[in-house]
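# What the coordinates show
What follows is the residue order along each chain.
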Amino acid sequence: MEPKEDHQEGEGVMQNQVSTNPLHGLGALTHRELKKWYKEPIVLFISVVQPVIWMALFGKAMNIGGIFQNPAVPRAVAEELMKSTFGTPDYFSFMAVGMLSFVTVFTSMFSGMSIVWDRRLGFLGKVLSTPVARGAILFSKIFSAVIRSLVQSGIVLLVAFLLGLRLGPSFTPLNLLGVFAVLFLMCMGLSSIFLLIAIRSTRWETQMAVVNLLNLPLLFTSNALFPTSIMPEWLRMISKINPITYGTDAGRQLLLYQTNASQLAVDFTFLGIFAAIFSTIGIFLSWKYLSK
Amino acid sequence: MRDDIINAVGLTKVFNGDVVAVDHISFSVREGEIFGFLGPNGAGKTTTINMLITVIKPTEGHATVCGYDIVKQAGEVRNRIGVVPQEYTADEDLTGYENIILCGDLYGIPREVSKKRAAELLELVELTKFKDKKVETYSGGMRRRLELACGLINRPRVLFLDEPTLGLDVQTRAAIWDYIRLLKEEFNMTLFMTTHYLEEADALCDRVAIIDNGKIVKMGPPDELKRDLGGDIITLEIQAGDVEVANLIEEIPSVKEVKKQDNTYRIKVEDGEKTAPMIIEAIRNKGYAVTRLSLTKPTLDEVYLEYTGKSMRDEQGGRMSVWSQRRTIRKARA
Ligand SMILES: Nc1ncnc2c1ncn2[C@@H]1O[C@H](COP(=O)(O)OP(=O)(O)O)[C@@H](O)[C@H]1O
Ligand SMILES: [Mg+2]
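Residues numbered from 1 in each chain as written. Chains lettered and ligands numbered in written order. Predicted model: local features only at pLDDT ≥ 70, side-chain atom pairs only at ≥ 80, totals over all residues. Heavy atoms only, no water.

With that settled, consider the sheet that holds strand β3 (residues 34-38) of chain B. All names here are of chain B. One open sheet accounts for 6 strands, arranged β6-β7-β8-β3-β9-β10; its pairing is mixed. Each edge of the open sheet carries a strand with a single partner, namely β6 (81-84) and β10 (215-220). Averaged over all pairs of adjacent strands, the angle between their axes in this sheet comes to 15°, without regard to strand direction. Where strand β7 (residues 158-162) meets strand β8 (residues 190-195), 5 bridges bridge the pair, whose relative direction is parallel. Each residue of the ladder has a partner; that of L159, found in β8, is L191. This element, helix α5 (residues 140-151), spans β6 and β7 of the sheet and lies at about 165° to β6. (Pairing = 2+ DSSP bridges. Helix = DSSP H or I, 4+ residues; strand = E, 2+ residues; numbered from the N terminus. Axes fitted to C-alpha atoms, helices over the stretch in contact; angles between N-to-C directions. Contact = heavy atoms within 4.5 Å.)

All names here are of chain B. Spatially, 4 strands are ordered β12-β13-β11-β14 in an open sheet, and the strand pairing comes out antiparallel. Edge positions in the sheet fall to β12 (255-261) and β14 (290-296), since each has one partner strand and no second. Sheet twist, expressed as the average angle between the axes of neighbouring strands with direction ignored, equals 20°. One ladder, built from 6 bridges, connects β12 with strand β13 (residues 264-269); its direction is antiparallel. By the bridge assignment, V258 is partnered in β13 with I267.

This part covers the pattern of salt bridges. Considering all chains together, one arrives at 25 salt bridges over all chains under this definition. Notably, a salt bridge pairs K126 of chain A with E147 of chain B, separated by 3.8 Å at the nearest N-O pair. With one member in each of two chains, K126 of chain A in helix α7 (residues 123-128) and E147 of chain B in helix α5 form a pair that bridges those chains. Accessibility expressed as a relative area gives 6% for K126 of chain A, which makes it buried. The exposure class of E147 of chain B is buried, given its relative accessible area of 1%. A salt bridge links E31 of chain B to R157 of chain B; the nearest nitrogen and oxygen atoms lie 3.4 Å apart. Placement of the pair is E31 of chain B in the loop between β2 (19-30) and β3 and R157 of chain B in the loop between α5 and β7, with a sequence separation of 126 residues. For E31 of chain B, a relative accessible area of 42% corresponds to the partly exposed category. A relative accessible area of 25% places R157 of chain B in the partly exposed class. Beyond isolated ion pairs, a larger network of salt bridges with shared partners links R32, E33, K36, D118 and K141 of chain A together with D91 and D93 of chain B. (Salt bridge = Lys/Arg side-chain N within 4 Å of Asp/Glu carboxyl O. Buried < 20%, exposed > 50% of the residue type's maximum accessible area, 1.4 Å probe, protein only.)

Laid out in structure tokens, this is it:
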């Protein structure tokens, strides 16, 4: 390293680089998050295998269709019963789409944890001392969660096909894009929420407790595992404001059902507003709270 | 003042409404000097640095770094400073090289430039051989050197170092000191550092501010601080047992106090090196011989004791700062 002269020249270079891009640093930070995932074969493997195991266990072991495979119930009646409850003749297909929401919820929770760790380990402090846009810090977490959950969902969907997911009558390959768009919006909104909870926290224990408190209620008050039509009234009310209900329904509309365009429009609108509101609050609060 | 690269006036930080971490401190740092904040755990050193590097906002008061306001022009400040935090902040899952490049990206430095600089910096801190190893395999000294390299990627005008040698062994500490001196001498960089090691402040800093309970209790060059304490101690023995030379010595202007015990004199003087020959000369002129003389310089330890009323060892700090320090020490020794 050549002394002085080199340094002076370097300073000149530096002066030109004052970035005015509000999302400057977003790419680098997102890439850092993803590197921790794809460069670690075990982490990658587990994050993919876990939902597959759940799917196999939930979908195949909780074989609700099996209840009706009873000589006393005529086959046609059984199918009709299943169809009127789940909208599809087999529970596995119903549940497999719900599993995409599982993946999204769990990946989103992870993004909240990682900001707590970044704060504790001092990485956040270091990033805050650089000219990185404050909003980019939060968005790098949101986007890496989105990318991870899309990749994981894609794999889960593929495995579901192999295990016998039955596509609906109005399915076209284009619908897959729709499914990913739905998951994108759902993950964006959910990870914003978990990040908002974590944004000022310094204790990962607290964050862990919050996450544990929220994850199952969030899933069970939605239609991810069971249709809302068989829920008691109070639960159905809750499920109506749960974004997972809309995400899962949109997924089923696109993959399993005879697509109901107006219902699908409602789902997309709800999720779009959900994602927009919480990510906007996220940007706002990260300006306010990241640096106390 | 135009030459002051850092200027703080009444800087104050209160956490959660009642924890006064930094209490109305004012100081300025000149371009090209090594300025040290010396104080025990929990004194408010990290909090001060965090305000200056725009990571937290002051509750009261203001400061400029490189002429820019730390709150209103935070972006300008961030582009001109480098930070070596108290914690080891490099990402353990990435390699040393990837960490430096990441830092470059955070500053928005084009890749071609940051790659070239990364190679130079790795050479500077002697990590080239380990650049493709994951940081989790690094020793404490290597991690600290990597942090240093990361902090230099944007060629900062001021480098902030928070307890740069915390937990390191003596040899590694000396190596870090050499890098710090190099930055000042070769690159005319201004360095703002904190430490709770007295020897470190003494060996490195051009000027030191002693901070205790969030307040600056004393500020100045280490030598001056020691001199202000009342100067050096000369211990003297003369041959002839019962002659009285005390009043003779007291006549010398730079002598402040003379105490006699048997035929040993304890003399408090202002400038030990200059005064000692004068004392010997005065005694010789009366025909007596000096058999023994020793000169003790006060250490920063005593300065510290004088102004804070406690020794550096009575440390305490809040949960966060103790927790983070312990981890830093643990990693340093890994
Ligand atoms: N984020 C924080 N919230 C509340 N109190 C804090 C926070 N950071 C530091 N403190 C408190 O402020 C005081 C000064 O801490 P710090 O600046 O870390 O000291 P030092 O770096 O000199 O060891 C301590 O009492 C510490 O507990
Ligand atoms: Mg500290």
